Amino acid sequence: MWRTVSIGLRPVFIEMDVPKVQCQRCSLRRRVEVTFAQVKRRHTRSFQRYVMELLTFMTPQDVGRHLGISWDLANDIQKQRLRKHFSKPRLKHLKRIAIDEIHVGKKHCFITLVLDLESGAVVFVGQGKGADALKPFWKRLTSSRAQVQAVATDMSPAYISAVLENLPQAELVFDRFHIMKLLNEKLTQLRRELFHEAEGPLGRQVLKGTRWLLLKNPESLDHSKGEHLRLKEALQLAASPGGVRCSRSSPPAQTVWTNIDSPARRVRGTTDNWTC
């Protein structure tokens, strides 16, 4: 018995006997293939297509209540379609990709994602993190003969070595998010060190509450609240004798991306000015 598309609000089932046939040579017995349903499925292909159409604007729970089926069945039909169409996307067209891992679940489970930066599509999902999670992807990428030009990753040594080994001709790029995160962490650490090294309560009062001022873009400082003056006092204290020399007069790190069309020497000069 197979569930098929309802007529109005009434569910419809197809009930029929499927004969078995036997091969005269090897005596192997098999059931005759049913063309309107997939093997080991108790619903028709038309019912599956109908469920997928409903899932484009309804949740699996709503589809289940509407059709009188469990939400597990609606969810299973959706997963089956996703596996069929997106489990192994084509890799031949890849030019620029990004690699990163994310944490899912409550049991410290990680998955590694490979993203096509031109289309935004996820082209690979690996279990775990590190170089081992990417081994199936490298194998498929080699067989696809894709000409990858650039790979964006975080600064993980495992990803760096994996990219250099499998894509030696591609440019290795550290993505903006992780670079800005590292810079912000170092800036926070520097502020804490200056706070502990400051002489007297006056110096500590100047540095107190300046963390977000240091992380803000210069154009975002609120002059009505005197934020630019507080930041200036904090930087003067940092540049005082015995302190750590650090200046905010240089352009912020974001200019490397916002001025991406600038000459390389200008970008290099910007990074040289960050040195503390």
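Scroll up to find the structure.
Residues numbered from 1 in each chain as written. Predicted model: local features only at pLDDT ≥ 70, side-chain atom pairs only at ≥ 80, totals over all residues. Heavy atoms only, no water.

Taken together, the five strands give an open sheet; going across it, the order is E7-E6-E5-E8-E9, and neighbouring strands pair in mixed fashion. Sheet topology places strand E7 (122-127) and strand E9 (171-174) at the edges, where each strand pairs with a single neighbour. For this sheet, the mean angle separating the axes of adjacent strands, direction not counted, is 25 degrees. When strand E5 (residues 96-104) meets strand E6 (residues 109-116), the two strands line up antiparallel, connected through eight bridges. (Pairing = 2+ DSSP bridges. Helix = DSSP H or I, 4+ residues; strand = E, 2+ residues; numbered from the N terminus. Axes fitted to C-alpha atoms, helices over the stretch in contact; angles between N-to-C directions.)

Enumeration according to the criterion identifies three aromatic pairs in this entry. Geometrically, the ring pair formed by Phe 124 and Phe 137 is tilted, given 5.5 Å between the ring centres and 45 degrees between the ring planes. Of this pair, Phe 124 sits in strand E7 while Phe 137 sits in helix H4 (residues 135-144); the two residues are 13 residues apart in sequence, bridging distant segments of the chain. Across the pair, Phe 137 and Phe 124 agree in class, each one buried. Taken together, Phe 124, Phe 137 and Trp 138 form an aromatic cluster joined through their ring pairs. In this structure, Arg 42 is placed above the aromatic ring of Trp 2, and the distance from its NZ or CZ to the ring centre is 4.9 Å. Over the aromatic face of Phe 110 sits the side chain of Lys 129, whose NZ or CZ is 4.2 Å from the ring centroid. (Phe/Tyr/Trp six-rings, centres within 6.5 Å; stacked < 30°, edge-to-face > 60°. Buried < 20%, exposed > 50% of the residue type's maximum accessible area, 1.4 Å probe, protein only. Lys NZ or Arg CZ within 6 Å of the ring centre and 35° of its normal.)

The side chains of a regular strand alternate between the sheet's two faces. Relative to E9, strand E8 (residues 150-153) is paired through four bridges, and the arrangement is parallel. Counterpart to Ala 150 in the pairing with E9 is Glu 171. Read from E8 through helix H5 (residues 157-166) to E9, the crossover connection turns out right-handed. (Right-handed = clockwise from strand over helix to strand, strands pointing away.)

The subject of this paragraph is the layout of surface pockets. A probe matching the size of a water molecule, rolled over the atoms, marks out where space remains unfilled. Of the voids in this model, the second largest pocket is the one considered here, and its volume is about 260 Å³. If you go around the second largest pocket, the residues you meet are Trp 2, Val 18, Arg 31, Val 32, Glu 33, Val 34, Ala 37, Gln 38, Val 39, Lys 40, Arg 41 and Arg 42. Split into classes, the residues belonging to the lining of the second largest pocket amount to six nonpolar, one polar and five charged. (1 Å grid on protein atoms, 1.4 Å probe; cavity = no way out; pocket = protein on both sides within 12 Å on 5 of 7 lines; lining within 4 Å. Points joined across faces, edges and corners; volume = space filled by probe spheres on them. Nonpolar A, V, L, I, M, F, W, Y, C, P; charged D, E, K, R; others polar.)

Now for the packing of helix H2 (residues 60-67) against helix H3 (residues 71-86). Close contact between H2 and H3 brings their axes to 8 Å; oriented N to C, the two are set at 120 degrees. Considering the angle they form, H2 stands oblique to H3. H3 is crossed by H2, and the crossing has right-handed handedness. Taken together, the residues of H3 that come into contact with H2 (itself represented by Pro 60, Gln 61 and Val 63) are Trp 71, Ala 74, Asn 75 and Gln 78. By residue class, the composition of the contact of H2 with H3 is four nonpolar, three polar and no charged. (Parallel < 35°, antiparallel > 145°, perpendicular 65-115°, else oblique. Left-handed = near helix turned anticlockwise from the far one by under 90°. Contact = heavy atoms within 4.5 Å.)

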